[in-house]
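One letter stands for each residue in the lines below.
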Amino acid sequence: MEHITIYPGYDKNRRPEAFSPLTLQAGELCAIVGNTGSGKSRLLKDMEQLVDRDSVTGRRIALDNAVLPPARRLELSGRLIAHLSQNMRFVLDLTVEEFLRLHISCRKKDILPELVIAAANTITPEAICSCVSLNRLSGGQSRALMIADIAMICDSPIVLVDEIENAGINKKKALELLTGNQKLVFIVTHDPHTALMAPRRLVMKNGAVASVIRRTDQELLQFHLLDQMYEKQTALQSLLRKGTLLI
Ligand SMILES: Nc1ncnc2c1ncn2[C@@H]1O[C@H](COP(=O)(O)OP(=O)(O)OP(=O)(O)O)[C@@H](O)[C@H]1O
């Protein structure tokens, strides 16, 4: 997949959505913002199901300019999008290395498990060891390993992220790892710093994409300020976890 295009449908009152067909490219980060019930999850489902005017929103989704026939949609829908939600744990009784080797061979990839673990270890402060059992990983380690696995092994070209930060995950590195591996990343967020990391954001209201905002230069300045605070906060969190004074 090189790009996906969202054609407008209708809001909850059947009024047409007021945006021009929107094309998002592989390697792009797009934020989705809006109040509860505004239609964020429905938009993501529309993309996952590659809808063709046959969902409640009436939207149409095209993949590389093509609207796919139902059989192909069904075949693709499970593979197109990888989800990263807040609380996910591995349940397999394998070590980290065994799991990665298995996944690499299923996907017929030519990559060393050590590289995936090294990438995961840039995201989590507690290093993951290749010989540890998956179900003994902490929440943060599991999430970091999943992110690296999705970025480097998984075939899904689109990644949906539901608020990325928990358990000390370095969100900037995580998002860079995903977009750097040519994933199109949608992140649902209520956090201004995360939203401003994305060059474009979709604002949801009443079931519709109410606006598509391109980050302005002024917003970029705002982002740099928030980013300094984020770095400071991250450094203090690290000290907090180590049990030292926050000075
Ligand atoms: N355009 C639409 N037309 C009709 N119904 C819609 C539309 N968009 C969303 N809905 C419906 O509105 C309800 C709320 O939408 P959704 O779950 O997507 O909101 P949300 O923004 O993800 O909320 P939350 O943040 O609370 O998870 C759902 O039942 C969904 O199917």
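Right above here is the structure, for reference.
My aim in this report is to walk through the structure given alongside it, one point at a time.

Calculation criteria
- Residues numbered from 1 in each chain as written.
- Predicted model: local features only at pLDDT ≥ 70, side-chain atom pairs only at ≥ 80, totals over all residues.
- Helix = DSSP H or I, 4+ residues; strand = E, 2+ residues; numbered from the N terminus.
- Buried ≥ 20, exposed ≤ 12 C-beta atoms within 10 Å, placed from the backbone.
- Contact = placed C-beta atoms within 7 Å.
- Pairing = 2+ DSSP bridges.
- Axes fitted to C-alpha atoms, helices over the stretch in contact; angles between N-to-C directions.
- Parallel < 35°, antiparallel > 145°, perpendicular 65-115°, else oblique.
- Left-handed = near helix turned anticlockwise from the far one by under 90°.
- Nonpolar A, V, L, I, M, F, W, Y, C, P; charged D, E, K, R; others polar.
- Core = buried A, V, L, I, M, F, W, Y, C linked by C-beta atoms within 7 Å.
- Arc of directions from axis to C-beta.
- Near = placed C-beta within 6 Å.

Okay, the overall build of the protein next. A count of helices and strands for the protein gives 8 helices and 9 strands. The principal-axis extent of the C-alpha atoms belonging to the protein is close to 55 × 45 × 25 Å. Looking at the protein as a whole, 32% of its 247 residues qualify as buried. Sequence separation of at least 24 residues holds for 67% of the intrachain contacts in the protein that already meet a minimum separation of 6.

Attention shifts here to the pairing of strand S8 (residues 200–205). Sheet topology places strand S3 (residues 29–34) next to S8; 5 bridges connect them, and they run parallel. Pairing of Val-33 across the sheet is with Val-203, part of S8. Pairing analysis gives 6 bridges linking S8 to strand S9 (residues 208–214), with the strands arranged antiparallel. The residue of S9 that forms the bridge with Arg-201 is Ile-213. The antiparallel hairpin formed by S8 and S9 contains 2 residues in its connecting segment, where Asn-206 sits at a positive phi of about 50 degrees.

It is worth spelling out the sheet that holds S9 at this point. Spatially, 6 strands are ordered S5-S6-S7-S3-S8-S9 in an open sheet, and the strand pairing comes out mixed. Both edges of this open sheet fall to strand S5 (81–84) and S9, since each of them pairs with a single strand only. Along the sheet, successive strands turn relative to each other by an average axial angle of 20 degrees, direction set aside. Along the sheet face, helix H6 (residues 171–180) touches S3, strand S6 (158–162) and strand S7 (184–188) and points at about 145 degrees away from the line of S7.

What follows deals with the packing of helix H4 (residues 113–120) against helix H5 (residues 139–152). Running from amino to carboxyl end, H4 crosses H5 at an angle of 125 degrees, the nearest separation of the two axes being 8 Å. Classified by the angle between their axes, H4 and H5 sit oblique to one another. Helix-helix and strand crossings are classified by hand; for H4 and H5 the assignment is right-handed. Note on element contacts: H5 touches H4 through Ala-144, Leu-145, Ala-148, Asp-149, Ala-151 and Met-152, opposite Val-116, Ala-119 and Ala-120. Split into classes, the residues belonging to the contact of H4 with H5 amount to 8 nonpolar, no polar and 1 charged.

Core analysis: the biggest nonpolar cluster contains 55 residues, and Ile-32, Ala-120, Ile-147, Ala-148, Leu-178, Val-185 and Ile-187 have the highest contact counts within it. Looking at this core element by element, the count peaks at 8 residues for H5. Ignoring anything within four residues of it in the chain, the contact list for Ala-120 reads Ile-128, Ala-144, Leu-145 and Ala-148.

This paragraph deals with helix H3 (residues 96–106). Those residues of H3 that sit buried are Val-96, Phe-99 and Leu-100. Considered in projection along H3, the buried side chains sweep an arc of 95 degrees and stay on one side of the axis. Next to the buried residues of H3 lie H4 and H5.

The next subject is the site of the ligand. Within the structure, the ligand sits among 16 residues, and Thr-36, Gly-39, Ser-41, Arg-42 and Gly-207 are positioned closest to it. Tallying contributions element by element places helix H1 (residues 40–48) first for the shell around the ligand, with 3 residues. Split into classes, the residues belonging to the shell around the ligand amount to 4 nonpolar, 8 polar and 4 charged.

Bear in mind that shape data such as this cannot, by itself, settle questions of function.
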